[in-house]
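In case you want the letters, here they are:
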Amino acid sequence: MRRFPSWAMKHKNIAIFVPHAGCPHRCSFCDQHTITSQQMLPRAADVERICTQAFAEIGDLSETEIAFFGGSFTAIPRGYMLELLDAAQPFAERCRGIRISTRPDCIDGEILGILRAYHVTAIELGAQSLDDEVLRLNDRGHTSEDVRRASALIREQGFELGLQIMPGLYGASQASDLRTRNAVCEILPDTVRIYPVVILKGTKLGDLFLSGVYQPRPFDDMIEETADAMEAFHEAGIRVIKVGLHASEFVAGNALGGYYHPAFRELCESRIYRNRMESVIRSRSASSYTFAVHPTCISKAIGQKKANLRYFHETFGIDVQITADGSVPLFQAAIREEA
């Protein structure tokens with residue numbers, strides 16, 4: 001049994017972005033140059049420079065991975081892929097290994113053999129959805145069965161498996177995103193990244209949004225759904241290593257709508273606290289409560305700008321106090337006093 005919830009565990013990457021490289025499709029939501037704030041493709045010298053600098057700054061390398069993100073790594077020209085992997089080898093031998101992200105339809109036995117020989121230990125698949133109609137509407141070019149097939153191959157070959165999902169896509173509903181969440185739990189990857197969709201300028205999704213054809217669900221609904229998903233994945237034993245796009249002035253400046261927030265994960269973690277405290281409050285009838293939480297999570301329990309405390313006051317007319325107690329597990333709220 002894990003001591004802490006999976007969504008609280010730290011994960012260190014030395015990220016090297018390969019924007020759009022290898023992608024055979026331009027998905028409705030995708031603009032990797034904006035998401036990564038990178039325009040040029042990295043070469044071997046760039047890999048060596050990035051890794052050398054990172055290794056000099058990181059103390060403990062045992063949980064650190066070199067990560068090639070931003071494109072479909074196994075679909076880029078073979079010579080270029082091997083150039084990047086060759087450059088990473090001296091560093092990969094000194095840390096946990098190499099992590100790559102790719103498409104579900106770009107995995108087979110041959111490519112897995114190559115990756116294993118180059119110290120790749122973790123493979124993440126951009127699944128986005130396990131609903132075939134949602135995949136079709138967003139020009140993904142693969143099916144849910146491709147995700148299941150590739151996931152099985154990766155697990156059989158002994159790699160760590162990660163899945164990336166994107167709730168709120170064009171054509172998706174709360175019900176279809178819930179089916180995706182349940183399908184991920186059935187596949188049972190080692191890790192998951194949750195990227196609620198961000199609508200960017202210059203994408204097909206952006207055009208659909210501006211024309212009024214596509215309207216995403218309310219922001220607060222997505223916070224609730226993502227918080228529920230984080231808890232479901234934890235219960236299934238799946239580590240949640242990322243929630244929401246990383247904070248970036250490039251993304252913020254190009255976002256038309258959707259679910260971008262520089263602290264999206266914290267909003268979801270705060271909602272988990274709110275839900276757990278609310279379940280206690282609804283079962284009682286006091287006018288004030290004191291909850292104890294882990295010292296590192298006081299701000300999450302209070303909520304951004306005291307949002308959780310305001311919620312309880314405005315919804316129930318009660319006052320809630322938060323106190324620290326190191327014996328309380330992360331993301332649990334223990335009732336200490338009520339009046």
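Note that this is a predicted model, so its numbers are computed, not measured.

Rules used in this analysis
The written sequence of each chain sets the order in which its residues are numbered from 1. Where local features are concerned, this predicted model is filtered to residues with pLDDT of at least 70; where side-chain atom pairs are given and counted, the filter is 80 or more; whole-chain, interface and lining totals use all residues. The side-chain quantities take in all heavy atoms of the structure and omit both hydrogens and water. Runs of E in the DSSP output that reach at least two residues are strands. Runs of H or I that reach at least four are helices, and both are numbered from the N terminus. Restricting the calculation to C-alpha atoms gives the radius of gyration, and the globule rule supplies 2.2 Å times the number of residues raised to the power 0.38. Throughout, exposure labels follow a simple rule: accessible area from a 1.4 Å probe, protein chains only, divided by the maximum for the residue type, with under 20% read as buried, over 50% as exposed, and the rest as partly exposed. Two residues form a contact once any of their heavy atoms are found within 4.5 Å. When charges are counted, Lys and Arg contribute as positive and Asp and Glu as negative, whereas His and the chain ends are disregarded. Every charge is mapped to an atom, namely NZ of Lys, CZ of Arg, CG of Asp or CD of Glu. Strand pairing is assigned whenever DSSP identifies at least 2 bridges connecting the two strands. Every angle, taken between N-to-C directions, lies between 0 and 180 degrees, and every axis is a line fitted to C-alpha atoms, over only the stretch in contact when it is a helix. Only buried Ala, Val, Leu, Ile, Met, Phe, Trp, Tyr and Cys residues count toward a nonpolar core, and they belong to the same one when joined by side-chain atoms within 4.5 Å. Stacked, edge-to-face and tilted labels apply to pairs of Phe, Tyr and Trp rings (six-membered ring for Trp) whose centres lie within 6.5 Å, assigned for plane angles under 30 degrees, over 60, and everything in between, in that order. The rule is short: NZ of Lys or CZ of Arg within 6 Å of the ring centre and within 35 degrees of the ring normal puts a charge over the ring. Think of it like this: strands point away, you trace from the first strand over the helix to the second, and a clockwise trace means the crossover is right-handed.

1. Topic: the overall build of the chain
Piece 1. The helix and strand inventory of the chain stands at 13 helices and 12 strands.
Piece 2. The C-alpha radius of gyration of the chain comes to 21 Å, within 12% of the 20 Å expected for a compact globule of 339 residues.
Piece 3. In the chain, which comprises 339 residues, the proportion classed as buried is 54%.
Piece 4. Excluding contacts between residues fewer than 6 apart, the proportion of contacts in the chain whose partners are at least 24 apart in sequence is 80%.
Piece 5. The distance from the centre of the 37 positive side-chain charges to the centre of the 42 negative ones in the chain is 2 Å.

2. A word on the sheet that holds strand β6 (residues 191–194)
Piece 1. Taking strand neighbours across the sheet as the criterion, the seven strands line up as β1-β2-β3-β4-β5-β6-β8 in an open arrangement whose pairing is parallel. Single-partner strands in this sheet number two, and they are β1 (12–17) and β8 (239–243). Along the sheet, successive strands turn relative to each other by an average axial angle of 25°, direction set aside.
Piece 2. Here four bridges tie strand β5 (residues 160–165) to β6, and the two strands are oriented parallel to one another. Looking at β6, one finds that L163 is bridged to V192.
Piece 3. Against the sheet, helix α3 (residues 78–92) touches β2 (64–69), β3 (97–102) and β4 (120–128), its axis set at about 170° to β2.
Piece 4. The strands touched by helix α9 (residues 219–236) are β5, β6 and β8; relative to β6, the strand with the most contacts, the crossing angle is about 180°.

3. Here we look at the nonpolar core
Piece 1. Ranked by internal contacts, the top residues of the largest apolar core, which has 81 residues, are I66, F68, L85, I98, L115, I123 and F233.
Piece 2. If you tally residues by element for this core, the top one is α3, at eight residues.
Piece 3. Formed by 18 residues, the second largest nonpolar core is a distinct cluster that contains V280, I281, F291 and F331.

4. Describing the packing of aromatic side chains
Piece 1. Considering all chains together, one arrives at 10 aromatic pairs under this definition.
Piece 2. Ring plane angle 75° and centroid distance 5.9 Å describe the contact between F219 and F264, whose orientation is recorded as edge-to-face. Here F219 is found in helix α9, whereas its partner F264 is found in helix α11 (residues 264–281), with 45 residues between them in sequence.
Piece 3. By relative accessible area, F219 is classed as partly exposed at 30%.
Piece 4. Relative to F291, the ring of Y289 lies with its centre 6.2 Å away and its plane at 20°, an arrangement referred to as stacked.
Piece 5. A network of ring pairs unites the aromatic residues F219, Y259 and F264 as a single cluster.
Piece 6. Seen from the ring of Y311, R274 lies directly overhead, with NZ or CZ sitting 3.6 Å from the centre.

5. A look at the pairing of β5
Piece 1. Most of β5 is tucked away, with six of its six residues classed as buried.
Piece 2. The pairing of β4 with β5 spans six bridges and is parallel. Directly across from E124, in β5, lies its bridge partner G162.
Piece 3. Note on the crossover from β5 through helix α7 (residues 174–187) to β6: the handedness is right-handed.

All quantities given are derived from atomic positions and should not be read as evidence of function.
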